Amino acid sequence: MRVSIDSDLCIGSGQCALTAPGVFDTDDDGFGVVRPEGEGGADPMVKEAVRACPVQAITLDED
C-alpha cells in the first residue's frame, strides 16, 4: 500500500500524526507529511488516519 497526503488540501489539523505517528509527521509549517522511514500502509492505524482527516487529504492506494 502507498500512502500520500495532498498538500493542496491539507489544513494542518494534525489528526494523521496523532492517529498514526509511525507513518505521519508534521512539517515546519504544521502540515501533514508521510514519514520517509514510516511503515506506510502496513500500519493498522493508517486507515483510521484516512478517516480522521477532516478534509480527506490522505490517500491510501492498495497495490
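The structure displayed is predicted, hence computed values, not measured ones.

### Considering the nonpolar core
Okay, step 1: In this structure, Ile 5, Cys 16, Phe 24, Ala 49 and Ile 58 are the most contacted members of the largest nonpolar core, which totals 14 residues.
Okay, step 2: Broken down by element, this core gets its largest block of residues, 3 residues, from helix 2 (residues 46–52).
Okay, step 3: Excluding anything up to four places from it in sequence, Cys 16 contacts Ile 5, Pro 21, Phe 24, Gly 32, Ala 49 and Ile 58.

### Details of the pattern of salt bridges
Okay, step 1: All told, the structure shown has 3 salt bridges when counted by the stated rule.
Okay, step 2: Between Asp 61 and Arg 2 there is a salt bridge; the shortest N-O distance is 2.9 Å. Of this pair, Asp 61 sits in strand 4 (residues 58–61) while Arg 2 sits in strand 1 (residues 2–5), placing them 59 residues apart in sequence.
Okay, step 3: You can call Arg 2 partly exposed: its relative accessible area is 48%.
Okay, step 4: Across the pair Arg 51 and Glu 48 runs a salt bridge whose closest N-O atoms are separated by 3.2 Å. Taken as a pair, Arg 51 and Glu 48 lie in helix 2 at a separation of 3 residues, close to a single helical turn.

### Digging into the state of the cysteines
Okay, step 1: Applying the stated criterion across every chain, the model contains 0 disulfides.
Okay, step 2: Not engaged in a disulfide, the cysteine Cys 10 finds its nearest cysteine sulfur in Cys 16; these two sulfurs lie 6.3 Å apart.
Okay, step 3: Here Cys 53 stays unpaired: no disulfide links it, and the sulfur of Cys 10, its closest cysteine neighbor, is 6.6 Å away.
Okay, step 4: Classification of Cys 53 as buried rests on a relative accessible area of 10%.

### Focus on the side chain of Thr 19
Okay, step 1: When you line up the elements, Thr 19 lands in helix 1 (residues 15–19).
Okay, step 2: Reaching out from Thr 19, the side chain makes a polar contact with the backbone oxygen of Gln 15 at a distance of 2.7 Å.
Okay, step 3: What Thr 19 contacts, discounting residues up to four positions off in sequence, is Met 45, Glu 48, Ala 49 and Ala 52.

### Re the environment of Val 55
Okay, step 1: For Val 55, the location among the structural elements is in the loop between helix 2 and strand 4.
Okay, step 2: Val 55 sits in the partly exposed class, given a relative accessible area of 29%.
Okay, step 3: Distance in space between the C-alpha atoms of Val 55 and Leu 9 is 6.7 Å, their sequence separation being 46 residues.
Okay, step 4: Look past the residues within four positions of Val 55 in its chain and what remains in contact with it is Leu 9, Cys 10 and Ile 11.

What counts, and at which threshold
- Residues numbered from 1 in each chain as written.
- Predicted model: local features only at pLDDT ≥ 70, side-chain atom pairs only at ≥ 80, totals over all residues.
- Heavy atoms only, no water.
- Core = buried A, V, L, I, M, F, W, Y, C linked by side-chain atoms within 4.5 Å.
- Buried < 20%, exposed > 50% of the residue type's maximum accessible area, 1.4 Å probe, protein only.
- Helix = DSSP H or I, 4+ residues; strand = E, 2+ residues; numbered from the N terminus.
- Contact = heavy atoms within 4.5 Å.
- Salt bridge = Lys/Arg side-chain N within 4 Å of Asp/Glu carboxyl O.
- Disulfide = S-S within 2.5 Å.
- Polar contact = N/O pair within 3.5 Å; in protein donor to acceptor, adjacent residues only side chain to side chain.

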